[in-house]
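# Coordinate analysis (summary)
Next come the chains, spelled out residue by residue.
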Amino acid sequence: QTGKVGYSDRAGGLQVSLDRDATMGYGPETTTIKNSGNCTLMGCCLIKYKVHHFIGEDSTESPSLSTSEAIVTMYQGSKEVARYHVPTCLGGETWWTVLTIDATFGQNQLYVGSKLRAPYITPLAIGQVSWATSFDVARWSMVATPTNGPAVVRGLSMTAAAKLHHLEAAIYYEVREASDSLACEEVSWTGTLAAEGWALCPGGTYLAGLYRTGSKYDEVHGIEQLEAAKCCMLAEAESAAEWGECHEQSIVAGSGWFECQETANGSATAMVGLHASKLQPWEINSKYDGPSPKHATTSGGVYIGGEHIEIGFQTHNVSELGKMGTVETSLPSGFSGRVDGKPGIGYVGNILGFSKDPDKTMSVDYFNPGVKIEGFHIGFKDGTGQVVQCKNCASEVIDTTSHDDTTASVRSKSTLGGLYVTQDVSVGYYDKYFTTRVMLKNIGTTSIENVRYVRAVDADTDKDQDGSYWAWCTVVGTIEVNGWAGVGCESLKTGDYGGIEPPFRAKNGGVGAILLYFSDDPRAKASFDVVEDEEWEYVGPPIGWIAHKDLEPEGVYDPRVYDSPYPQGVANKTDGFMSIAFDVGTLGPGENTTLNFLTALDARPVVDVLTSLHDAVRPVLTLDKTKCCSVKPQPVRDA
């Protein structure tokens, strides 16, 4: 019909108009094609021009199309570029496919007769396959269409960055215009990702499957077990050994779906490789479908916790913000608290789990009995060597837990002259330790030196379970000897009770409650205070001897916490403070640094506690980038 116009966004704005429709006589009939050569959506880029024998289609008396001597002339602008004569071999056919235009961006080629696209991918033909169980054991996980047709990977879903069996699903492109199977090869990636490198398919091939070793049941769960790929070529032409346009995309570890994005000109891209790097556990974002950690804010404190740990930051005394140890007799809903309804929460731990021990037979607050000594110290030396320091000097303490977080968290903020400090304390639902991450920043205009942070506590270990204020403290590790620093204070031993097993140890198979600081930061030092002989004083009956104990350090520059701590292996029975300290050196204006340490509230043998803490800080190999490439345009082929 004369004047009819067709327009296609999918074909890059292609416009086709029938300028003159001549169903009678000798013509001419004219058609105009505009905006050819801008198409990027494969499957929409081939234009076929066909002539239909209309008059006499149902009459045996009319001349056939093959004997009509019809001519099609192709112009580009006003220049004739091709002329086609109807083939006499059409016989009685009523359709003549005159030509094919490849309107693909960068092509815009003219071909005689009917042509087909070489194998291609398009966002118009995608699907999804579940890998929910296939990554549980050593095997191939592949993509394919429901009819087992050829496909290549567009995206992956991984809900836990540190556990390969949580690579749950893949989105794929159906490979169009392909034969029943593609030319594929198995490519070894052994050791490549573990070395924090790129694991790639050979040029011109695209990812169609992955192979893992091991299983979800062994002790290794990470990306290092991703050891091979199935890589497939989409065409047999020599030029198909090259990718089209490629780009790299960042992956947020453990966040769920990550998919290849289109190129700037709109071409579809598929995965050709993966890259891995090691991240600290707190840098990983993982989806979580387990129980939610506990958190609450009251008029007197901010509380967080899980199944084994509950900690409380007091807020009723604004002169000591940032220290732990609340005094409230009424606790937030969901919090177990101390045995026998004792007030407040400091460091409460239960080795069995609060839900499994409703009578709190194994619950202990590791410092809240007694005088509740716990807190942090920060300090530095200015340009004149003057010491500037403070204790428990936060300006605010707030609950920073989000509704979908895997951990409950609290942040405190402090400003001391030109030093700004944030402390983020977090705990996972099943953790038997909590993590403290400290950021120190110089917000002043001059450098500050010997910048220090100290956290210290007077450990009362099992006093809540009819134990003692005294404990056995040990420097379990130093950076110089072990590559990490740690100090632990645990329940007194049988020999300290005249041969009678202490109450908590008796209920826990002979193992005491232990409070332990741990850090693998090379600037960390852990220590404790010993009650020296000269600190004892005889005051006569009925009291007898008393100890003048130091339940907290004398500031950040107390030599016992950093400059002269006890060496590795030193152990003593004491009722003094235990500490972990960091000297981060000099911070220039605007400079900042971050440090991390763990605090274990446990009741297992020390070696088991340390194993758990090492696991908690061990860098995790995670996928951080993917390489995505378009398919290099291939010549069309005969239909």
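Please read these numbers as outputs of a predicted model, since none were measured by experiment. (Residues numbered from 1 in each chain as written. Predicted model: local features only at pLDDT ≥ 70, side-chain atom pairs only at ≥ 80, totals over all residues. Heavy atoms only, no water.)

### Digging into the overall build of the protein chain
Rules: Runs of H or I in DSSP of at least four residues are treated as helices and runs of E of at least two as strands, each being numbered from the N terminus. Think of it in three bands: with a 1.4 Å probe and only protein chains considered, a residue is buried below 20% of the maximum accessible area for its type, exposed above 50%, and partly exposed in between. By the convention used here, residues are in contact when the closest approach between their heavy atoms is within 4.5 Å. Residue exposure ignores everything except the shown protein chains as possible cover, and the areas themselves are Shrake-Rupley values with a 1.4 Å probe. Charged residues are defined here as Lys and Arg on the positive side and Asp and Glu on the negative side; His and the ends of the chain fall outside this count. Positions of charges follow a simple convention, taking NZ of Lys, CZ of Arg, CG of Asp or CD of Glu.
Per the secondary structure count, the protein chain includes three helices and 43 strands. Once the C-alpha set of the protein chain is aligned to its principal axes, its extents read approximately 135 × 55 × 45 Å. Buried residues in the protein chain amount to 49% of all 639 residues. Taking contacts inside the protein chain between residues at least 6 apart in sequence as the whole, the part at least 24 apart equals 68%. Carbon together with sulfur atoms contributes 49% to the accessible area of the protein chain, which is approximately 28,700 Å² in total. Taking the average place of the 50 positive charges on the side chains of the protein chain and the average place of its 79 negative ones, the gap between the two points comes to 3 Å.

### Some thoughts on the environment of Gly 12
Its location among the elements puts Gly 12 in the loop between strand 1 (5-8) and strand 2 (14-20). Using a relative accessible area of 26% as the deciding quantity, one classes Gly 12 as partly exposed. Sequence-wise, Gly 12 and Asn 265 are 253 residues apart; in three dimensions their C-alpha atoms are separated by 9.9 Å. The contact partners of Gly 12, leaving out residues within four places of it in the chain, are Asn 35, Asn 38 and Cys 39.

### Brief notes about the state of the cysteines
How we decide: Only a pair of cysteine sulfur atoms within 2.5 Å counts as a disulfide in this structure description.
If you walk through the whole model with that rule in mind, you get seven disulfides. Residue Cys 201 pairs covalently with Cys 231 via a disulfide, S to S 2.1 Å. Negative torsions about the S-S bond denote left-handed disulfides, and the value of about -75° found for Cys 201 with Cys 231 makes this one left-handed. You can see Cys 201 sitting in the loop between strand 15 (198-200) and strand 16 (205-212) and its partner Cys 231 sitting in strand 17 (residues 226-233), a full 30 residues away along the chain.

### Re the side chain of Thr 100
Selection criterion: Polar contact is the term for a pair of N or O atoms within 3.5 Å; when the atoms are in protein, one must be able to donate a hydrogen and the other to accept it, and sequence-neighboring residues count only if both atoms are side-chain atoms.
Its place among the elements puts Thr 100 in strand 7 (residues 95-102). Judged by its relative accessible area of 0%, Thr 100 falls in the buried class. There is a polar contact of 3.2 Å between the side chain of Thr 100 and the backbone nitrogen of Lys 115. Among residues more than four places away in sequence, those in contact with Thr 100 are Leu 46, Ile 47, Lys 48, Gln 109, Leu 110, Tyr 111, Gly 113, Ser 114 and Lys 115.

### Description of the sheet that holds strand 27 (residues 387-391)
Our working rule: For two strands to pair, DSSP has to find at least two bridges joining them. To define axes, lines are fitted to C-alpha atoms, for helices over the stretch in contact only, and angles between the resulting N-to-C directions are given on a 0 to 180 degree scale.
A sheet is described by the order of its strands in space; here five strands give the open sequence 27-26-32-40-36, paired in antiparallel fashion. Lying at the two open borders of the sheet, with one neighbouring strand each, are strand 27 and strand 36 (524-528). Going from strand to strand, the sheet's axes swing by 15° on average, the running direction of each strand aside.

### Considerations on the pattern of salt bridges
Quick reminder of the rule: Basic side-chain nitrogens of Lys or Arg form a salt bridge, by our definition, when they fall within 4 Å of a carboxyl oxygen of Asp or Glu.
Applying the stated criterion across every chain, the model contains 21 salt bridges. For the salt bridge of Arg 83 with Glu 80, the shortest nitrogen-to-oxygen distance reads 3.1 Å. Judged by relative accessible area, which is 45%, Arg 83 ranks as partly exposed. Between Asp 558 and Arg 560 there is a salt bridge, with its nearest N and O atoms 2.6 Å apart. For Asp 558, a relative accessible area of 4% puts it in the buried group. A network of salt bridges, in which partner residues are shared, links Arg 338, Lys 342 and Asp 464.

### Observations regarding the nonpolar core
Quick note on the threshold: The set of buried Ala, Val, Leu, Ile, Met, Phe, Trp, Tyr and Cys residues whose side-chain atoms join them within 4.5 Å is what this entry labels a nonpolar core.
Formed by 58 residues in total, the largest nonpolar core has its most connected members in Ile 311, Tyr 347, Leu 440, Tyr 453 and Met 578. Sequence-distant contacts of Met 578, defined by excluding residues within four places in its chain, comprise Arg 455, Ala 456, Val 457, Ala 459, Val 487, Gly 488, Cys 489, Leu 515, Leu 516, Tyr 517, Ser 527 and Phe 528. By size, the runner-up hydrophobic cluster in this structure holds 46 residues, among which are Trp 131, Tyr 172, Cys 232 and Ala 270.

### Topic: the packing of aromatic side chains
Quick reminder of the rule: In this scheme Phe, Tyr and Trp rings, the latter by its six-membered ring, pair at centre separations within 6.5 Å, and the angle between planes marks the pair as stacked below 30 degrees, edge-to-face above 60, and tilted otherwise. Working rule: Lys NZ or Arg CZ, within 6 Å of ring centre, within 35 degrees of ring normal, means a charge sits over the ring.
Per the stated rule, a full pass over the model turns up 13 aromatic pairs. Where Trp 131 meets Phe 135, the ring centres are 5.5 Å apart and the plane angle is 50°; that geometry is what we call tilted. Assessed through its relative accessible area of 0%, Phe 135 is described here as buried. Aromatic rings pair up to connect Phe 376, Tyr 453, Tyr 517, Phe 582 and Phe 597 into one cluster. Over the aromatic face of Tyr 557 sits the side chain of Lys 381, whose NZ or CZ is 5.1 Å from the ring centroid. The lysine or arginine in question, Lys 463, covers the ring of Tyr 469, its NZ or CZ lying 4.5 Å from the ring centre.

### Details of the sheet that holds strand 3 (residues 30-34)
Taken in spatial order, the three strands make up an open sheet running 1-2-3, and their pairing is antiparallel. With partners counted over all chains shown, the strands left at the sheet margins are strand 1 and strand 3, one partner each. Strand-to-strand twist in this sheet, taken as the mean axis angle between neighbours without regard to direction, amounts to 10°. In terms of strand pairing, strand 1 meets strand 2 through four bridges, oriented antiparallel. Note on strand 2: the bridge partner recorded for Val 5 is Ser 17.

### Points about helix 3 (residues 606-617)
Applicable threshold: Under the convention used throughout, the expected extent of a helix is 1.5 Å for every residue step, that is, one less than its residue count.
A rise of 1.5 Å per residue sets the reference length of helix 3, with its 12 residues, at 16 Å; its end C-alpha atoms lie 17 Å apart and thus fit the reference within 8%. Against the buried residues of helix 3 lie strand 31 (433-442), strand 33 (471-477), strand 35 (514-519) and strand 41 (592-602).

### Brief notes about unusual backbone geometry
Phi angles above zero are rare outside glycine, and Asn 35 is one such case at about 65°. The topology assignment puts Asn 35 in the loop between strand 3 and strand 4 (46-52).

### With respect to the environment of Gly 113
Structurally, Gly 113 can be placed in the loop between strand 8 (109-112) and strand 9 (115-116). On the basis of relative accessible area, Gly 113 is assigned to the buried category, the value being 14%. Excluding its chain neighbours within four sequence positions, the residues that come into contact with Gly 113 are Thr 97, Val 98, Leu 99 and Thr 100.

### Details of the side chain of Ser 579
Along the chain, the position of Ser 579 falls in strand 40 (residues 577-583). Exposure remark for Ser 579: the relative accessible area of 0% places this residue in the buried category. Setting aside residues up to four positions removed in sequence, Ser 579 forms contacts with Val 454, Arg 455, Ala 456, Val 487, Tyr 517, Lys 525, Ala 526, Ser 527 and Val 561.

### Topic: the environment of Ser 188
Summarising the element assignment, Ser 188 is placed in strand 14 (residues 183-188). With a relative accessible area of 56%, Ser 188 lands in the exposed category. Taking the C-alpha atoms as reference points, Ser 188 and Tyr 84, separated by 104 residues in sequence, lie 52 Å from one another. For Ser 188, the contacting residues outside a window of four places in its chain are Glu 227 and Ala 228. For Ser 188, the side chain forms a polar contact with the side chain of Thr 190, separated by 3.3 Å.

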